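# Structural overview for review
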Amino acid sequence: MKSRLKLLASPARIGIYAFLASAALFFLLPLYVMLVTSLKSMDEIRSGSVLALPLAATLEPWRQAWSEVCTGAACEGVRAGFWNSVAITVPSTILPIMLGAVNGYALAFWRPRGATLLFGILMVGAFVPVQVMIYPLVRLLATMGLFGSLPAIVLVHLIFGMPVMTMLFRNYYASVPHELYQAARIDGGGFFRVFLQVMLPLSLPIIAVAAIMQVTGVWNDYILGLVFAGRDNLPMTVQLNNVINTTTGSRLYNVNMAATILTALVPLALYFFSGRWFVRGVAAGAVKG
Amino acid sequence: MTAMRPRYRLRSVTPFAALLPMALTVIVAYVGAALWTLKVSFTSSRTFASDNFVGLAQYERLFANERWMLSLHNLAVYGLLFVLACMLIGFLLAVFIDQNVTGEGVLRTIFLYPYAMSFMATGLVWQWLLTPGNGLEQALQQLGFRDVQLDWIIDQNMAIYTIVIATVWQASGLVMAILLAGLRGIDPEIWKAARLDGIPKWRVYLSIVVPMLGATLSTVFLLLAVAVVKLFDAVVAMTQGGPGTASEVPAKFIMDHLFLRSNIGLASAAAVVLLVPVLALLAPYIYARSRAKGRA
Amino acid sequence: MSNVELNQFSITLAKNQVIQNLDLSVRQGEFLVLLGPSGCGKSTLLHSIAGLIEPSGGTLTIGGRDMAGVDPSERGIGMVFQSYALYPTMTVEKNMSFGLRIAGLPKAEIARRVERVAGMLQLKELLKRKPAELSGGQRQRVAIGRALVREASVFLFDEPLSNLDAKLRTELRRELKLLHQTLRSTMIYVTHDQVEAMTLATRIVVMQGGRVQQIGTPTEVYERPANLFVAGFLGTPAMNFIDGQLNGAGQFDAAPLTLQLPGAAQAQARTGGARAAVLGVRPEHVHIASGASLSGTVSLVEPMGNHQVVWLQCGPHLLSAISQEGSYVSGQQVAFAIDASRVSLFDRASGDNLQAGQVSQAGLADAA
């Protein structure tokens, strides 16, 4: 016979908040440690606890990470990697979205023969580990004279981004009333006209979701950038690993952490600003057709 | 009449033409590449693909390879722990957040932000946290726990568990987000009916909600299982497969043999073997989907 | 079987007072219908009686017991929801027995109750099926069955028929009425459909804006509506409303329409003196007959099968009339009469019915 009032302070309620608070601490711990470590001097790190706030906060590690650390060949910081990542991410977002939208549109409304089977194989392909396809793609790109260049990595991201992008748009268009498409056809619209004038304007929400997912996925990619981008276009994630795991001599943990934050910055910022859209993407990506 | 026919044909060709890139991608980049890898796995290719067919020799060598067997063992241990921990933690987080807690938005943001970080960044931060002599070990010792030792990451038997911790930290939020969406999709009147029936909350979750979430739970399981098979970045970041080869995983084994050790025959065989669990996981889904389509 | 008493009952949700100082007495064994448009608070009131929403003031007793702080499952009630809310992964049998099993009832007793209710609602062949395999009507019966097995004293229904198609709705309506006749339990039923209310209720509570507009038997609320709202809400086609002037001599004037009101009505109207009023007359009391005193032009005819609805334009007024015989065409001039003994008069400002001393409950609360 518990009344509502008692429920507010009941042991169950306290237990819930206790669990959630501890979980929150666990999840926030690495972010906190990353931040404070990146603001400390090496002496402080050696002598102090990783959990302590910086006694004398300094942005020096950040400066070093951005423009001085050695990322393999050059010692110009992760700055180069940042711009490489930008150069890779922009086309690798725009192109897959465009193709995904057209694919999804064709699959949802026109359904030409054999398309559903192709789509099915594409979806299976999304689950297959990239190692199965990596070497043949290397050979193919080498034959085309593209291997180790910016077009190569963009093409690869297009190939591996296609399943999710197509699925997102196809599911989205499947929820658009079919009558809208039929009315547009009756009005005389052909394939591209209906797409550009009717469906695309409706697609802004899903384009936002797709953009967020693709930017995050491409920016955070390591393996494809490592293999296909070529030494001049290595994305930030690859350079980060070079900085931290292949340095000889003393390890500058504060610089390492600053570099890590810089690398994680773009998707994290995107996440914190886009909130609900990010979650929608996650949920949409999890719903398989 | 004849003037109309070519226009009709043109209209019906455009969708095919528009889907050409997708068709090319599927046929060349996915199916073609997979078949090529399969073919190479039957040859004695080392640095370059050769046409010297050796049947199943590469597979035999593969399963006699200690490092490969260890990577499979690691993957199995890792996979079990990772999937269990993620699903349990994700489920609990989702259920607890669904209890009308204040600050829900903030909590959700906190639990999901790790997913926005790359595996590389996650691995590096956790590597730092779990480095003996520094990181958490030092912090705890300074807090008074003098005897604490957190040297898993350099311990051959324990290294794989550090990777579990880091990746569970990253992925639980995703599980939470998906399950929370599922929970929210449950008709609120079911909750009311259960209250009227006098059913305690935990029992509602156990007997009504979880069965209702069956499809969502299996989707989550599939996503996690596939992520297990693809495990690569985090290992490179945290332990580089070490100490020694103690935390080797199949994906890394393949990459190493493709690019560093120049043995693409062996690597291709390994890639094909890695494909088997993925297809095994997908088979029930594909079967269920085609049955549903048949009925509909 | 018991009665339900609400005293000065108030419910506040998110700073809105959804229900204000409501007094209601539900008699044992009656079928009380809470009728009103969406947002009038009827569903909220029902949920509050069930214990799913906390009241912000007043008391509620069921069977003489004060329900403050009592869990929904311990109030001796059963409830049927609008979306049925069946547990999707359980069979019909499990759906009905789950609550009883949790309550710890012996297996034999549970089986007995399920048997009995399944028989009453023709669910015997469906016991092993899951909700997804049932039609809408069958699902609704299972939902009712789940409430009935509780052998409660009061049953609450939250718009249970609104998700069904028209034909199914009439069928289940009849079954519900038969059920009430068989069980003779107290039933409180929420709906926005006035036909459902009229056919099922022993008494109707007409609600709007969280306040009771009128409580009465179907006949009472239909023939003597307490105010404009009740008058307009019940009846299809809706009552005709004519704005006009009531002079001190018992004559209603809304040129070109004038009406002389019979005795008692005259007396009531006279005491108030001349005033602006609204005349309400139901279509079935507008008679088209040659030689009648009023005249109008036919603007539209709607055939309904066993009768016609004829729309008449009389000066600025558009009236609907029901005619059993005769054929009319648009533009036709006809003579018609209004049965003055069956009209209602409403005060233009307050909307209250001016006749027979009937003042709406809303008015009472205002005066107090």
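Residues numbered from 1 in each chain as written. Chains lettered and ligands numbered in written order. Predicted model: local features only at pLDDT ≥ 70, side-chain atom pairs only at ≥ 80, totals over all residues.

A few words on the overall build of chain A. Summing up its helical and strand segments, chain A has 15 helices and 0 strands in all. Over its C-alpha atoms chain A spans a radius of gyration of 24 Å, topping by over 25% the 19 Å that the globule rule assigns to 289 residues. Principal axes of the C-alpha set define a box for chain A whose edges measure 75 × 75 × 30 Å. In chain A, the share of contacts with a sequence separation of at least 24, taken over all contacts with a separation of at least 6, comes to 75%. (Helix = DSSP H or I, 4+ residues; strand = E, 2+ residues; numbered from the N terminus. Rg over C-alpha atoms; globule rule 2.2 N^0.38 Å. Contact = placed C-beta atoms within 7 Å.)

Our focus in this paragraph is the domain arrangement of chain A. You can read the domains of chain A as domain 1 (4-58) and domain 2 (82-236 + 258-286). Averaged C-alpha coordinates put domain 1 of chain A and domain 2 of chain A at centres separated by 36 Å. (Domains from an automatic or database assignment.)

Residue and element names in this part refer to chain C. The 5 strands lie next to each other as β13-β12-β11-β14-β20, forming an open sheet whose pairing is antiparallel. Pairing within the sheet leaves two strands with one partner each, and these edge strands are β13 (257-260) and β20 (344-347). Averaged over all adjacent pairs, the angle separating strand axes in this sheet is 35 degrees, with direction ignored. (Pairing = 2+ DSSP bridges. Axes fitted to C-alpha atoms, helices over the stretch in contact; angles between N-to-C directions.)

Let us now look at the interface of chain A and chain B. In this assembly, 64 residues from chain A lie in contact with 73 residues from chain B. Looking at the side of chain A that touches chain B, the elements that each hand over two or more residues are α2 (11-38), α5 (79-110), α6 (115-127), α7 (131-143), α8 (150-174), α13 (236-245), α14 (253-274) and α15 (276-286) of chain A. For the side of chain A that touches chain B, the leading source of residues is α2 of chain A, giving 11 residues. Here the side of chain A that touches chain B is built from residues that sort into 49 nonpolar, 14 polar and 1 charged. (Nonpolar A, V, L, I, M, F, W, Y, C, P; charged D, E, K, R; others polar.)

Residues and elements named next belong to chain B. Per the domain assignment, the segments making up chain B are domain 1 (35-64 + 263-296) and domain 2 (72-259). Here the C-alpha centre of domain 2 lies 29 Å away from the C-alpha centre of domain 1. Each partner contributes residues to the interface: domain 1 has 11 residues there, and domain 2 has 9 residues. When the residues that make up the side of domain 1 that touches domain 2 are grouped by side-chain class, the tally is 10 nonpolar, 1 polar and no charged.

We now examine the pairing of strand β16 (residues 294-303) of chain C. All names here are of chain C. Direction of pairing for β16 relative to strand β19 (residues 333-338): antiparallel, over a ladder of 4 bridges. Bridge assignment links G296 to a residue of β19, and that residue is V334. Bridge count between β16 and strand β17 (residues 308-314): 6 bridges; the pairing is antiparallel. Bridge pairing in β17 links L300 to W311. As consecutive antiparallel partners, β16 and β17 are separated by 4 residues, and within that stretch G305 has a phi angle of approximately 95 degrees, a positive value.

Residues and elements named next belong to chain A. Here M98 lies in helix α5. For M98, a count of 14 C-beta atoms within 10 Å gives the class partly exposed. C-alpha of M98 to C-alpha of V33: the two residues are 65 residues apart in sequence and 40 Å apart in space. (Buried ≥ 20, exposed ≤ 12 C-beta atoms within 10 Å, placed from the backbone.)

What follows concerns the sheet that holds strand β9 (residues 203-208) of chain C. Residue and element names in this part refer to chain C. Strand order in the open sheet formed by 6 strands is β6-β7-β8-β3-β9-β10, and the pairing between neighbours is mixed. Both outer strands of the open sheet, β6 (77-80) and β10 (211-216), are each paired with one neighbouring strand and no more. Pairwise comparison of adjacent strand axes, ignoring direction, gives a mean angle of 15 degrees for this sheet. As judged from the 4 bridges shared by β6 and strand β7 (residues 154-158), these two strands associate in the parallel manner.

A negative phi angle is the norm for most residues apart from glycine, just as the trans form is the norm for most peptide bonds. Residues and elements named next belong to chain C. Residue T236 is joined to P237 through a cis peptide bond whose omega torsion reads -5 degrees. Its identity is not glycine, yet Q122 carries a phi of approximately 55 degrees, on the positive side. Within the secondary structure layout, Q122 lies in the loop between α3 (107-120) and α4 (136-148). Even without glycine at this site, E151 takes up a positive phi of about 45 degrees. On the basis of neighbour counts, which here come to 15 C-beta atoms within 10 Å, the residue E151 falls in the partly exposed class.

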